[in-house]
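# Chains, contacts and geometry: an overview
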Amino acid sequence: MHLKPLMAAALLAGGALASPVTPVRADDDCTTQAVKDCNKEFPPSDYYLIAIRGWCYMIHIAICKAT
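Let us look at the structure shown here. What you see is a predicted model; the values in this text were computed from it and never measured. (Residues numbered from 1 in each chain as written. Predicted model: local features only at pLDDT ≥ 70, side-chain atom pairs only at ≥ 80, totals over all residues. Heavy atoms only, no water.)

Okay, the state of the cysteines next. Tallied over the entire structure, the rule returns 2 disulfides. Residue C30 pairs covalently with C64 via a disulfide, S to S 1.9 Å. Since a negative S-S torsion denotes a left-handed disulfide, the C30-C64 link at about -80° is left-handed. Of this pair, C30 sits in helix 2 (residues 28–41) while C64 sits in helix 3 (residues 50–66), and the two are 34 residues apart along the sequence. C30 gets classed as partly exposed once you look at its relative accessible area, which sits at 27%. A relative accessible area of 7% places C64 in the buried class. Here C38 pairs with C56 through a disulfide, and the sulfurs are 2.1 Å apart. (Disulfide = S-S within 2.5 Å. Helix = DSSP H or I, 4+ residues; strand = E, 2+ residues; numbered from the N terminus. Buried < 20%, exposed > 50% of the residue type's maximum accessible area, 1.4 Å probe, protein only.)

Right under this line is the structure:
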């Protein structure tokens, strides 16, 4: 049996669940501006740009949190 990979996965999952989650709140002004910029670059009216707009939100808001 391959018990080592199963045991390793269980330990990693247990460690991930046991670690505390610290909420990170981005600056509201930066987040609002990021959403406006992404909506301007990738208009919400275009159905085919939904995924790229979502990635734009995530990247820009991550930049807001990092600064």
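Right, picking up where we left off after that structure.
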